[in-house]
Amino acid sequence: MTLRLDFKLEATASGSRARAGRFKTLHNEVVTPTFMPVGTHAAVRAQRREDLLEGGAQVLLANTYHLMLRPGTGLFERFGGIHRFMSWPRSVLTDSGGFQIFSLPGSRSISEAGAEFKSYVDQTTIRLSPESSISAQRAIGSDIMMVLDQCVPSTVERSVAQRAMELTHRWALRSLAARGDSPQALFGIVQGASYADLRADSARAIAQMPFDGFAIGGLAVGEGTDEREECTAIVTELLPPDRPRYLMGVGTTRDLLEAVHRGVDMFDCILPTALAKQGVAFTSVGRRDLRRAAYREMDGPIDPACGCHTCRTYSIAYLFHLNRVRESQGWQLLGLHNIHFYMQLMSRMREHIVADTWMEFYRAQRDVLDARDSYGRPASHVTKAQRHKLKLKLGRYEVVVRGGGGGREGEAEGIRTGAGVGVGMGMRTGAGMGVGVGRIRDTISGEVMHSVNDPAEEARSLYVEQSRLTERLMLPETRPLVVWDVGLGAATNAMAAIRAAETLPAAAGGRPGAPLGAARRGLDLVSFENDLDSLLLALRHPGWFKHLRHAAPRRLLAEGRWSNAAAGIDWLLLRGDFNVTKFSAPLPDIVFFDPFSFKTDDALWTMRAFRELANLFQHKAVELFTYSYSTSVRSAMLAAGFYVAKGRGTGPKAETTIALSTRAAAMPHDRDLLGEQWLGKWRRSDAQVPMGARANDDSWRDAVAEHPQFREESHRHES
């Protein structure tokens, strides 16, 4: 496969997917991450070419749909392409027109052949197909072309989203064929609305096609911020790392920060110039809104930390005046500043990624970038909405509410006061609207516990059912079943285990108060957690965290222990660092390994941490269940001495992971152990190094490659 951009990945930030790279187009080298100012009609509104070049713009975005109507592709052919036509020496990316067709008022129709609509210029009928879109882009002469896609609102029914996604995939293949031998690069587009599984399916399908880069389309069309971030994370995890990734039409400076954190390289958006026209500036201290009278007499630049022409030359008071009298120069000067600010922000992001100081920069900027204007007299009282919002945060955590069974989400910022059920915009995973389901977000990392799936359903499926908890509790043994719950969080997994145990017949003797002659064994549940704020916060909102409507969690927090003698359940809380407290816990039969994430709990996912667990479990049959199927995590487990099997899928993840102690692997079992096929993929992977492996220690490589589970599989095949 010959790629036209020669993308080179230069650095990936520790604890993040943020990347720095570079690629070469037909006109210049582009370093990433980068922002592309929008020049829909071959011009960035109210901006001079010279200012764009000085500001650092490497790529401009133009739109095929508009340019084929006016001035028409024939003119571009006569001029030899868009670069000479608009006197732009650097790269141009052309959008295919799919989003504009989606946005058209009035009649339009979509079929397998393409799109049909009325021209807004003269009302003639226009037919745009994958082939004619590529033909127009070849005539325009852009450096990067986009395939024609069908964009739908993010909140459409699943069946509509799936049909549009599948049509986009077929059009993508036709677009590749239409490009032929053109030296122009071509990007495929991932669709799927706000459905996690469709996004994952689309990413896998598009990634199999020989595109020069990949775009994430169909966002910023009605979904909420958190939903957009989750969609982005799902897709970037599945896209090949050796080509650039482009998030289309996004967004604010905070949006860019979050998307870079999740592995995106390229962006475009009209906001820098569109908001400038309204008198809004993006600055190093958040947004400044020049419609506010507080700025009428204020001296000094609009952003003291900015060195653009506007900030070097004009006071805020003057810019306020221009905006008040609707002088177009005000729009031009604020737009110049906003684009310069965006470009400098991308440059700073790149510097921190390369220097591996990204996470410090990310945490420092999350609450500053795009903060709403707070200059001037503060509010004299706290409103009811503000009081409600305060209740949704505790420590580093905040509540996020999504509709049960695929409803909509309201972030902490958007939940309606007094409503009782949070309704907003969120990740769609299935059918219609339902009662709000609460989740916890870490405001420092930006991640959400059980971000895609219903938390209770994931706990039941991934941990309770997959571990065969109820079947094992029904065994007529006097020794209790010991379950470690690593990462208590909002107690979703622990409560799923407790409720499952409470539905069974009474437990066997051996506990005070247990009935004699009972039919099953007891449950000893040990939860590990170093920060209880997430559970404390969830307990404030039992309407959204229904699994907490039980006496157990509050008693556990108050006393460190809760027991139900009749059901044979004993729940113990061990606070502190799991890497320390695990040594004081009774050895488990089952481990629910559910730390918040790699970023917030990276020490728990290292080869050393898994080796300590393997040593602890060496004389006992133990199965460990976790949501991750990361190659580096599985590599760490294998190098530590665990046998590793495929676990059942959950949400967009096709599979999860089960780790078996040596004793458990030696006993009869039906777990689907990783085999030679996985080992072959591991050898080719860029992520084969276990987390926490020392640079000067390569012993893990042989430990994985020569692991007994692969030798045993070879012997089975031979026999």
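Here the residue index of a chain counts from 1 through its sequence in written order. Per-residue local features are limited, in this predicted model, to residues with pLDDT of at least 70; the limit for side-chain atom pairs, both in listing and counting, is 80 or more; totals at the level of whole chains, interfaces and linings are taken over all residues. Only hydrogens and water are set aside; all other atoms, that is, all heavy atoms of the structure, feed into the side-chain values.

*Asks:* Is there a simple way to explain helix α8 (residues 196-207) in this structure?
*Replies:* If you check α8, its first and last C-alpha atoms are 16 Å apart, about what twelve residues at 1.5 Å a residue would give, namely 16 Å. Buried within α8 are the following residues: A196, L198, R199, A200, S202, A203, I206 and A207. If you follow the buried residues of α8, they end up packed against α7 (158-179), β11 (185-190), β12 (213-216) and α9 (225-238). Numbering of helices and strands runs from the N terminus; a helix is a DSSP stretch of H or I covering at least four residues, while a strand is a stretch of E covering at least two. Expected helix span is given by 1.5 Å per residue-to-residue step, counting one fewer step than there are residues. The cut-offs for exposure are 20% and 50% of the maximum accessible area for each residue type, with area from a 1.4 Å probe on protein chains only; residues under the lower value are buried, those over the upper are exposed, and the others partly exposed. Any pair of residues with heavy atoms lying within 4.5 Å of one another is described as a contacting pair.

*Asks:* Looking at this structure, I do not really get helix α10 (residues 253-261). What am I missing?
*Replies:* One turn of an α-helix holds 3.6 residues; hence residues three or four places apart share an orientation. Burial analysis of α10 places eight of its nine residues in the buried class, which makes it a mostly covered element. Three or more residues of α10 are buried, namely T253, D255, L256, L257, E258, A259, V260 and H261. One or two steps after α10, the chain reaches G263, where phi turns positive at roughly 105°.

*Asks:* Where do I start with the packing of helix α14 (residues 328-354) against helix α15 (residues 358-365) in this structure?
*Replies:* A pair of packed helices can be characterised by two numbers: the angle between their axes and the separation between those axes. Where α14 meets α15, the closest approach of the two axes is 8 Å, and the angle between their N-to-C directions is 140°. One way to sum up the angle between α14 and α15 is to call them oblique. Residues L345, R348, M349, H352 and I353 of α14 touch α15, and the partners they reach there are W358, F361 and Q365. As a working rule, the residues Ala, Val, Leu, Ile, Met, Phe, Trp, Tyr, Cys and Pro are called nonpolar, Asp, Glu, Lys and Arg charged, and the rest polar, with Gly in that last group. Taken together, the residues of the contact of α14 with α15 sort by class into five nonpolar, two polar and one charged. Lines fitted to C-alpha atoms define the axes, with helix axes restricted to the stretch in contact, and inter-axis angles between N-to-C directions lie between 0 and 180 degrees. Roughly parallel here means an angle under 35 degrees, roughly antiparallel means over 145, roughly perpendicular means 65 to 115, and every remaining angle is called oblique.

*Asks:* Explanation requested: the sheet that holds strand β21 (residues 481-486) in the structure shown.
*Replies:* The strands making up a sheet associate through backbone hydrogen bonding, with each pair oriented either parallel or antiparallel. Taken together, the nine strands give an open sheet; going across it, the order is β23-β24-β22-β21-β25-β26-β28-β27-β29, and neighbouring strands pair in mixed fashion. At either margin of the open sheet sits one strand with a lone partner, and together these are β23 (561-564) and β29 (672-673). One bridge is not enough; two strands pair if DSSP finds at least two bridges between them. Bridge count for strand β26 (residues 623-626) against strand β28 (residues 656-660) is four bridges, and the pairing is antiparallel. The residue bridging L624 from the neighbouring strand is A659, located in β28. On the sheet, helix α21 (residues 551-559) packs against β23 and β24 (569-575) and is oriented at approximately 140° with respect to β23.

*Asks:* Teacher, can you tell me more about the sheet that holds strand β8 (residues 115-118) here?
*Replies:* Judged by pairing direction, the sheet is antiparallel, and its three strands sit side by side in the order β7-β8-β9 without closing on themselves. The open sheet has two free edges, formed respectively by β7 (108-110) and β9 (125-128), since each of these has just one partner strand. Averaged over all adjacent pairs, the angle separating strand axes in this sheet is 15°, with direction ignored. Note that β8 and β9 share four bridges and pair antiparallel. Note on β9: the bridge partner recorded for A115 is L128.

*Asks:* Before we go on, may I ask you to explain the packing of aromatic side chains in this structure?
*Replies:* A ring pair, where both rings are aromatic, is described by two values, the distance of the centres and the angle of the planes. Side-chain rings of Phe, Tyr and Trp, where Trp is taken by its six-membered ring, are said to pair if the distance between their centres is within 6.5 Å; with planes under 30 degrees apart they count as stacked, over 60 as edge-to-face, and otherwise as tilted. Inspection of every chain in the model, using the stated rule, returns 21 aromatic pairs. On the basis of an interplanar angle of 55° and a centroid distance of 5.3 Å, the ring pair of Y65 and F117 is categorised as tilted. Placement of the pair is Y65 in helix α2 (residues 64-69) and F117 in strand β8, with a sequence separation of 52 residues. Look at Y65 and you get buried, because its relative accessible area is 2%. Between W682 and W700 the ring centres are 6.4 Å apart and the planes differ by 85°, which places this aromatic pair in the edge-to-face class. In this pair, W682 sits in helix α26 (residues 676-684) while W700 sits in helix α27 (residues 699-705), placing the two residues 18 residues apart along the sequence. Ring-pair connections join several aromatic residues into one group, and the members of that group are W484, F528, F578, F617 and F642.

*Asks:* Would you explain the pairing of β8 in this entry?
*Replies:* For a regular strand, side-chain orientation follows a simple rule: the groups alternate between the two sheet faces. The alternating pattern of β8 places A115 and F117 on a buried face, while none of E116 and K118, on the opposite face, is buried. Where β7 and β8 come together, three bridges link them in antiparallel fashion. Within β8, the residue paired with S109 across the bridge is E116. What sits between β7 and β8 in their antiparallel hairpin is a turn of four residues, with G114 showing a positive phi close to 155°.

*Asks:* Any chance you could explain the side chain of R366 here in plain terms?
*Replies:* Residue position: R366 is located in the loop between α15 and α16 (384-391). For R366, a relative accessible area of 4% corresponds to the buried category. Among all residues touching R366, those that are not within four sequence positions of it are R254, L257, E258, T443, I444 and G446.

*Asks:* Just to check I follow, could you spell out the nonpolar core for this structure?
*Replies:* Side chains of a nonpolar character, in soluble globular proteins, are inclined to be buried together. Throughout, nonpolar core names a set of buried Ala, Val, Leu, Ile, Met, Phe, Trp, Tyr and Cys residues whose side chains join them through atoms within 4.5 Å. By size, the foremost hydrophobic cluster in this structure holds 91 residues, and its most contacted members are L469, W484, W571, F593 and F610. Residue contributions to this core peak at seven residues, all from helix α19 (residues 492-502). Within the second largest apolar cluster, 80 residues are counted, among which are F187, M209, I353 and L369.

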